[in-house]
Amino acid sequence: MTTLQNDTFLKALMRQPTTYTPVWMMRQAGRYLPEYRESRKTAGSFMQLCQSPSFATEVTLQPLDRYPLDAAILFSDILTVPDAMGLGLYFTEGEGPKFERSASDEASIRALEVPDMAKLQYVFDAVSSIRKALNGRVPLIGFSGSPWTLATYMVEGKGGTDFLNTKKLMYARPELLHHILEVNAQTIIQYLNAQIAAGAQAVMIFDSWGGALSHNAYVEFSLNYMQKIVAGLTKTADGKTVPSIVFTKGGALWLEAQAAIGADALGLDWVVDIGQARQRVGNKVGLQGNMDPAILLSTPEAIEKEVASILASYGHGHGHVFNLGHGITQWTPPENAAAFIAAVHKHSKQYHV
């Protein structure tokens, strides 16, 4: 493999010394970029973008060609996993993802099993293609949804915010939800390890809906399964450590418990003060985050002020990867993303001397 020219992101995840705070953006290859919209139009649909290694490579590299980012992330979707289980993923314009079949009754839940990874070969081919195209510029991040987050889509048959069917199942028939979560966890272990084998240099678990759970339910139905995945991950490839990141949106209540599951870093959303989060987790893990993506809709001056404030809150030392607290919105002016990245690189150097 080509020698990595910029390993700042990987070093920060491992809490090793860096000369500045590295930065990337969740959903950095996305609809806010005109070049992405052109690629999607040419491909014909979102799924055709995901399922074509050449298109996935093209759009993964677009933000890197535009901005001095410190990491690339595989262009894909968390729902490729339940799709490979046979649930039939499709996207309706303006309505988001849906499944042709849900796992909402006992028979359909009991029928779930770990899919043949060959059904996800297009993802692994994309990882290999992107890694080759990067040619050592920056590290490549692979990812998956968390077992709980995937389960909400699988039970509901679509995205949502209240997850009443999933929660009903959780409280009335917990053994059925545990079956879904166990199948998901075992699938994700294989899925992420295959991404690592194909060239991913770090992996991230997106627990987008963990924050919807009560305290006890979060530990039992989300965190425990993420811990199982982290334990099953390939830890080194090509003689290098492959760090893992766990991100629960709305998960700041459980930072101490998250820090104990074996991941190298935790993602933070924007509702928690990063300095306080750092005090709570100590030196156990790196931290990634955590600017409100809505700030990118404002002005370069407001963006720079917020970046400086977050950096000051984290303070001196290493172990911080700057990111947004969730994905960049499609309405973000591209020049504001540029101002954000420039501000991180400019203001963070003073904290690394």
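Preceding block: the structure.
The following refers to the structure shown. (Residues numbered from 1 in each chain as written. Predicted model: local features only at pLDDT ≥ 70, side-chain atom pairs only at ≥ 80, totals over all residues. Heavy atoms only, no water.)

1. A look at the pattern of salt bridges
If charged atoms from side chains of opposite charge come close, those side chains can pair.
Piece 1. In the structure shown here, the tally under the stated rule is ten salt bridges.
Piece 2. Note that aspartate 7 and lysine 11 form a salt bridge whose closest N and O atoms lie 3.9 Å from each other.
Piece 3. On the basis of relative accessible area, aspartate 7 is assigned to the partly exposed category, the value being 31%.
Piece 4. Put simply, lysine 228 and glutamate 182 hold a salt bridge, and the shortest N to O gap is 2.7 Å. Of this pair, lysine 228 sits in helix H11 (residues 215-232) while glutamate 182 sits in helix H10 (residues 174-198), and the two are 46 residues apart along the sequence.
Piece 5. The exposure class assigned to glutamate 182 is partly exposed, which follows from its relative accessible area of 28%.
Piece 6. If you follow the salt bridges from partner to partner, you end up with Glu106, Arg110, Arg173 and Glu175 in one network. (Salt bridge = Lys/Arg side-chain N within 4 Å of Asp/Glu carboxyl O. Buried < 20%, exposed > 50% of the residue type's maximum accessible area, 1.4 Å probe, protein only. Helix = DSSP H or I, 4+ residues; strand = E, 2+ residues; numbered from the N terminus.)

2. Notes on helix H5 (residues 80-87)
Piece 1. Across the eight residues that make up H5, a large majority, six, are buried.
Piece 2. Residues of H5 that are buried: Thr80, Val81, Pro82, Ala84, Met85 and Leu87.
Piece 3. Tucked inside the fold, the buried residues of H5 contact strand E2 (89-92), strand E3 (96-99), helix H7 (121-134), helix H8 (147-156) and H10.
Piece 4. Where H5 ends, the next residue or the one after it, glycine 88, has phi of about 75°, a positive value. (Contact = heavy atoms within 4.5 Å.)

3. Observations regarding the sheet that holds strand E9 (residues 265-267)
Piece 1. Strand order in the open sheet formed by seven strands is E1-E4-E5-E8-E9-E10-E11, with parallel pairing between adjacent strands. Unpaired on one side and paired on the other, strand E1 (72-73) and strand E11 (320-324) mark the two borders of the sheet.
Piece 2. Two strands pair when backbone bridges link them, and strand E5 (residues 202-207) and strand E8 (residues 244-248) are joined in this way by five bridges, in the parallel orientation. Each bridged residue has a counterpart across the sheet, and for isoleucine 205 the counterpart in E8 is valine 246.
Piece 3. Docked against the sheet, H11 engages E5 and E8, running at close to 170° with respect to E5. (Pairing = 2+ DSSP bridges. Axes fitted to C-alpha atoms, helices over the stretch in contact; angles between N-to-C directions.)

4. A word on the nonpolar core
Piece 1. With 126 residues, the main nonpolar core has Phe9, Trp24, Met25, Met291 and Phe340 as its most contacted residues.
Piece 2. Looking at which element gives the most residues to this core, the answer is H10, with twelve residues.
Piece 3. In contact with phenylalanine 340, not counting residues within four places along its chain, are Val23, Met25, Met291, Leu296, Ile303, Val307, Phe322, Asn323 and Leu324. (Core = buried A, V, L, I, M, F, W, Y, C linked by side-chain atoms within 4.5 Å.)

5. A closer look at unusual backbone geometry
Piece 1. A cis amide bond, omega 0°, links glycine 289 with the succeeding residue asparagine 290.
Piece 2. In the Ramachandran plot, arginine 27 falls in the positive-phi region, its phi being about 65° despite a non-glycine side chain.

6. What about helix H13 (residues 274-281)?
Piece 1. Of all the positions in H13, only Ile274, Gly275, Ala277 and Val281 are classed as buried. Mapping the buried residues of H13 onto a view down its axis gives an arc of 160°, with all of them on the same face.
Piece 2. Against helix H12 (255-258), E9, strand E10 (286-291), helix H14 (300-314) and E11 lie the buried residues of H13.
Piece 3. For H13, the side-chain oxygen to backbone nitrogen distance between the N-cap and glycine 275 is 3.0 Å, and the N-cap itself is aspartate 273.
Piece 4. Of the residues flanking the end of H13, it is glycine 282, one or two places downstream, whose phi is positive at about 60°. (Arc of directions from axis to C-beta. Polar contact = N/O pair within 3.5 Å; in protein donor to acceptor, adjacent residues only side chain to side chain.)

7. Considerations on the packing of H5 against H10
Piece 1. At a minimum axis separation of 11 Å, H5 and H10 run at an interaxial angle of 115°. By crossing handedness, the relation of H5 to H10 is classed as right-handed. Here Thr80, Val81 and Met85 of H5 lie close against H10, whose contacting residues are Val183, Asn184, Thr187 and Tyr191.
Piece 2. For the contact of H5 with H10, a count of residues per class yields four nonpolar, three polar and no charged. (Left-handed = near helix turned anticlockwise from the far one by under 90°. Nonpolar A, V, L, I, M, F, W, Y, C, P; charged D, E, K, R; others polar.)

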